[in-house]
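# Chains, contacts and geometry: an overview
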Amino acid sequence: MRTSTEPLVKALLNSPTTIKSRSQAQQLHAQVLKLQPSSLSNLSLLLSLYSHINLLDDSLRLFNTLHFPPPLAWKSIIRCYTAHGFPHQSLASFIGMLASGQYPDHNVFPSVLKSCALLMDLKLGESVHGYIVRIGLDFDLYTGNALMNMYSRLRFLQGIGKQRLAAGEVFDEMSERTQSGRNGSGFLGNEGRNVSCIEAFHSDDSCGNREFESQVVDINQKVELDLNQRNEYSELEACNIEETKDVSHSKGRQSEDSVRKIFEMMPERDLVSWNTIIAGNARNGLHEETLTMVREMGDANLKPDSFTLSSVLPLIAEYVDINKGKEIHGCAIRQGLDADIFVASSLIDMYAKCTRVVDSSRVFNLLAKRDGISWNSIIAGCVQNGLFDEGLRFFRQMLVAKIKPKSYSFSSIMPACAHLTTLHLGKQLHGYIIRNGFDDNIFIASSLIDMYAKCGNVRMARQVFGRMRLRDMVSWTAMIMGCALHGHALDAIDLFEQMETEGIKPNYVAFMAVLTACSHAGLVDEAWKYFNSMTLEFRISPGVEHYAAVSDLLGRAGRLEEAYDFISGMQMGQTASIWSTLLSACRVHKNVDMAEKVAKRILEIDPKNTGTYVLLANIYSAAKRWKDAAKWRASLRHTGVRKTPACSWIEVKNKVHAFMAGDKSHPYYEKIREAMEVLMELMEKEGYVPDTSEVYHDVEEEQKRTLLYSHSERLAIVFGIINTPTGTTIRVTKNLRVCTDCHTATKFISKIVGRDIVVRDNSRFHHFRNGICSCGDFW
């Protein structure tokens, strides 16, 4: 029996690819122990097999039985640690190998260099490079590829600075686009002498050895050399690299030069060599250099493969270079790579980012096999281009196809729920997220906060925010903006101050959120404080959004002259949208003279600005200047541009119903009209008096009242009341600003029917309860 089994065991040990599972490996392990339990070579081969199928625990148990591990055993354990994202343990094992008198060969250094990159330690990587040169492996093809890969990845990490990218996502998914990630933190490089690549080529052995030994000592002090202990690196915080732009640029350039120099000095280059330098250039945003290298690769009689194309396409997407994208697509078709899942996903993403969603859909529909990445690419592409219904349709199809959503799938689809205000779908997704353990994901949590806030449920947004263990700038900003839009200005300001207290410096968007909060609550002094602190304290140049928020606040507060001077003194070019906020304020405060001045400024910038014609005509109508109003309406007709019709949406029983102003086409219209008449009688008994000045047509008073009653938000509110159980919150979305009379009427309705009514217009949320609105009548 022993004789017949031994050749098979030997054959399996020497062909590790034939073993596919843990159970098979353990069966082979048992046979080895039966036949030759003390054979060091067999046990090393077995360890290599465990490592090959990434069984770290089994590898460690076997490694610890070896009193004097041979080079193959060390190489296997180093590789396995690196593959599992444990760079400290990998390097500690490398140190142990050297300390035991074993000399590494070219198979060891790819794992060691990848660990240096995972730790973001350029100095250590350079020291390893120097060691490679001294033992004569610098001209080895695989080691050269690994060196280029390390330097290009270190350059990428230095370029992103303080952004957070997960080490596993950044380093192990080169063919896949990382949707969102985090910086893996590790120890920072020590302060020893910096050995550049050029110095390493020419340094003497004694100097180089001292440098490398100092790095070895530093690692030994930081890592316990206990190969049984496993630290959980997936939960590491992002390390903050406080470097000036000049230093960061200098180091990035140094790494770039190192990659190019290694590439040029390699006596032999294979497809991996070219792909490494191309992918490195692409990751670091070097558009022209990347395309040049692709051309040079062709000149070297090497055809790009799927890895090459999927590395280049994200860069083309970033630069929105549709012509180059089509060239790459043509190349993929000619080489039969267009059906490759990675290339196709990159093509879908590229076309979407170039606003060619139709082409993205064509590429997706031609795919015979689709994975989670290709599905997510088409979903994200639709949502990013405003095709929210399409994005949701693809998401449902993905679930039907039994493709399990990943964390980034929810980050992609959640904005669609937010924009369409489909709260029921958002809640369903939230339930799915909790059941699948994604609720701890910081990016998903931030998307949930934004979704709940935009769907009118700020209470749930606060609950999600309160349960977050870690909060980043995105989650803080989403919560601050959510409070701002719902009229909780003081809560928004408290959150802003708390964010600073917790050591997170506000950025451009955070200031936009807190200024919006001030604008919606009439907090003029607070707004000036934050606006001035942007430049004086945080060195952030105000943008159009910040100027718009402050000018909107001044206009709402009736300080029209001050707002006019503020906009006129903008440090950047004035926009029609900023002046339009002031024109809206002129309508509220019935200041015709200022409105004419502002309208002139808007039309100088944008002669076909529809809103200006409509607003000015309405301002003239309110002032009973009917001829001037008619003139501006005629001017609007002559421009050929149609004004946006008022429309409101309400979701009832998982179905969205839309209403236009004066619309009688809805199947429930007669019931809505009857209910409206009953409500109007009750409202008038409570003291409601229609504000017919909001009707900008020269018609009889009774007709004005009828026009007011048929405003789209009122139709939607009444429809909701008669089609939902008593006590249900009514949630309505309107594409334009709510008029003063509808705002007053909704306060009366909320009191009479005993309902909470949430109306989201194009400016903010209004929460009506028991005759009071959350905006305090300031909007």
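Residues numbered from 1 in each chain as written. Predicted model: local features only at pLDDT ≥ 70, side-chain atom pairs only at ≥ 80, totals over all residues. Heavy atoms only, no water.

Looking at an unreviewed UniProt entry, one finds the chain named Pentatricopeptide repeat-containing protein At3g23330 and attributed to Momordica charantia. Database annotation for the chain, UniProt heading Sequence similarities (unreviewed entry): "Belongs to the PPR family. PCMP-H subfamily." (UniProt positions renumbered as here; feature names shortened; annotations may be inferred.)

Helix and strand counts for the chain stand at 39 helices and six strands. The buried share among the 779 residues of the chain stands at 52%. For the chain, contacts bridging at least 24 residues in sequence account for 66% of all contacts bridging at least 6. Accessible surface, the chain as shown: approximately 35700 Å² in total, 52% of it carbon and sulfur. (Helix = DSSP H or I, 4+ residues; strand = E, 2+ residues; numbered from the N terminus. Buried < 20%, exposed > 50% of the residue type's maximum accessible area, 1.4 Å probe, protein only. Contact = heavy atoms within 4.5 Å. Areas by Shrake-Rupley, 256 points an atom, 1.4 Å probe, with all protein chains shown as cover.)

The periodicity of an α-helix, 3.6 residues per turn, causes residues three or four places apart in sequence to face the same way. Taking 1.5 Å per residue as the helical rise, helix α6 (residues 87-99) with its 13 residues ought to reach 18 Å, and the 18 Å between its terminal C-alpha atoms agrees with that figure. With eleven of its 13 residues buried, α6 lies for the most part within the structure. Considered for burial, the residues of α6 that qualify are P87, H88, Q89, S90, L91, A92, S93, F94, I95, G96 and M97. Note on α6: the residue one or two positions beyond its end, G101, has a positive phi of about 90 degrees. (Expected span 1.5 Å × (residues − 1).)

Here the focus is the sheet that holds strand β4 (residues 757-760). Taken in spatial order, the six strands line up as β2-β1-β3-β4-β5-β6 in an open sheet, and their pairing is mixed. Looking along the sheet, the strands with just one partner apiece sit at the ends: β2 (655-660) and β6 (772-773). Here strand β1 (residues 647-652) pairs with strand β3 (residues 730-734) via three bridges, running antiparallel. Across the sheet, W649 pairs through a bridge with T733, a residue of β3. This element, helix α39 (residues 740-753), spans β4, β5 (765-769) and β6 of the sheet and lies at about 35 degrees to β5. (Pairing = 2+ DSSP bridges. Axes fitted to C-alpha atoms, helices over the stretch in contact; angles between N-to-C directions.)

The next thing to look at is the UniProt feature "repeat: PPR" (unreviewed entry) in the chain. Taking the UniProt record as the reference, the feature "repeat: PPR" (unreviewed entry) is found at residues 270-304, 371-405 and 472-506. Helix makes up 74% of residues 270-304 and strand 0%. Its end C-alpha atoms lie 11 Å apart. In this annotation, residues 472-506 is assigned 74% helix and 0% strand; the end-to-end C-alpha distance for the span is 11 Å.

As a further point, take the packing of aromatic side chains. In the structure shown here, the tally under the stated rule is 24 aromatic pairs. A centroid spacing of 4.8 Å and a plane angle of 70 degrees characterise the contact between F364 and W375, whose relative ring orientation is edge-to-face. Here F364 is found in helix α19 (residues 357-365), whereas its partner W375 is found in helix α20 (residues 372-384), with eleven residues between them in sequence. Here the aromatic residues F395, F410, Y432 and F438 are joined through ring pairs into a cluster of three or more. For R471, the ring lying beneath its charged end belongs to F465, and the centroid distance is 4.1 Å. Positioned over the ring face of Y564 is K597, at 4.2 Å from the centre of the ring. (Phe/Tyr/Trp six-rings, centres within 6.5 Å; stacked < 30°, edge-to-face > 60°. Lys NZ or Arg CZ within 6 Å of the ring centre and 35° of its normal.)

Membership of the largest hydrophobic core comes to 183 residues, with the highest contact counts inside it found for M350, M451 and V598. Broken down by element, the residue count for this core peaks at nine residues, all from helix α26 (residues 473-485). What V598 contacts, discounting residues up to four positions off in sequence, is Y564, W579, L582, L583 and C586. (Core = buried A, V, L, I, M, F, W, Y, C linked by side-chain atoms within 4.5 Å.)

Before going further, it helps to examine the packing of helix α14 (residues 271-283) against helix α15 (residues 287-299). Relative orientation of the contacting elements α14 and α15 amounts to 165 degrees, with a least axis distance of 8 Å. Overall, the two elements α14 and α15 adopt an arrangement that is roughly antiparallel. Between α14 and α15 the crossing geometry is left-handed. Residues L271, W274, N275, I277, I278, N281 and A282 of α14 pack against E289, T290, M293, V294, E296 and M297 of α15. When grouped by side-chain class, the residues that make up the contact of α14 with α15 number eight nonpolar, three polar and two charged. (Parallel < 35°, antiparallel > 145°, perpendicular 65-115°, else oblique. Left-handed = near helix turned anticlockwise from the far one by under 90°. Nonpolar A, V, L, I, M, F, W, Y, C, P; charged D, E, K, R; others polar.)

Tracing the backbone shows E545 in helix α30 (residues 544-556). Excluding anything up to four places from it in sequence, E545 contacts Y508 and M512. At 2.5 Å, the side chain of E545 and the side chain of Y508 are in polar contact. (Polar contact = N/O pair within 3.5 Å; in protein donor to acceptor, adjacent residues only side chain to side chain.)

What follows concerns the state of the cysteines. Inspection of every chain in the model, using the stated rule, returns zero disulfides. Looking at the unpaired C742, the closest cysteine sulfur is the one in C739, lying at 3.5 Å. (Disulfide = S-S within 2.5 Å.)

This part takes up helix α3 (residues 40-52). If you check α3, its first and last C-alpha atoms are 18 Å apart, about what 13 residues at 1.5 Å a residue would give, namely 18 Å. Listed as buried for α3 are N42, L43, S44, L46, L47, L49, Y50 and S51. Phi for N54, located one or two positions after α3, is positive at around 60 degrees.

A few words now on unusual backbone geometry. Positioned with a positive phi, N301 is a non-glycine residue whose angle comes to about 60 degrees. Tracing the backbone shows N301 in the loop between α15 and α16 (306-318). With a phi close to 65 degrees, N654 is a non-glycine residue in the positive phi region. Topologically, N654 is positioned in the loop between β1 and β2.

Right, let's get into the packing of helix α28 (residues 508-521) against helix α29 (residues 524-536). Where α28 meets α29, the axes come as close as 9 Å, and the angle between the chain directions of the two elements is 165 degrees. The angle between α28 and α29 falls in the class roughly antiparallel. By crossing handedness, the relation of α28 to α29 is classed as left-handed. Where α28 abuts α29, its residues F511, V514, L515 and C518 lie against E526, A527, Y530, F531, S533 and M534. For the contact of α28 with α29, the per-class residue count stands at eight nonpolar, one polar and one charged.

What follows deals with the pairing of β3. Buried residues dominate β3, accounting for four of its five residues. The sheet contact formed by β3 and β4 spans four bridges and is parallel. Paired with I730 across the two strands is I757, which belongs to β4. Handedness of the crossover joining β3 and β4 through α39 is recorded here as right-handed. (Right-handed = clockwise from strand over helix to strand, strands pointing away.)

Turning next to the pairing of β1. The pairing of β1 with β2 spans six bridges and is classified as antiparallel. When the bridges of β2 are listed, I650 appears paired with H657. Here β1 folds back onto β2 in antiparallel fashion, the turn holding two residues, of which K653 has a positive phi close to 55 degrees.

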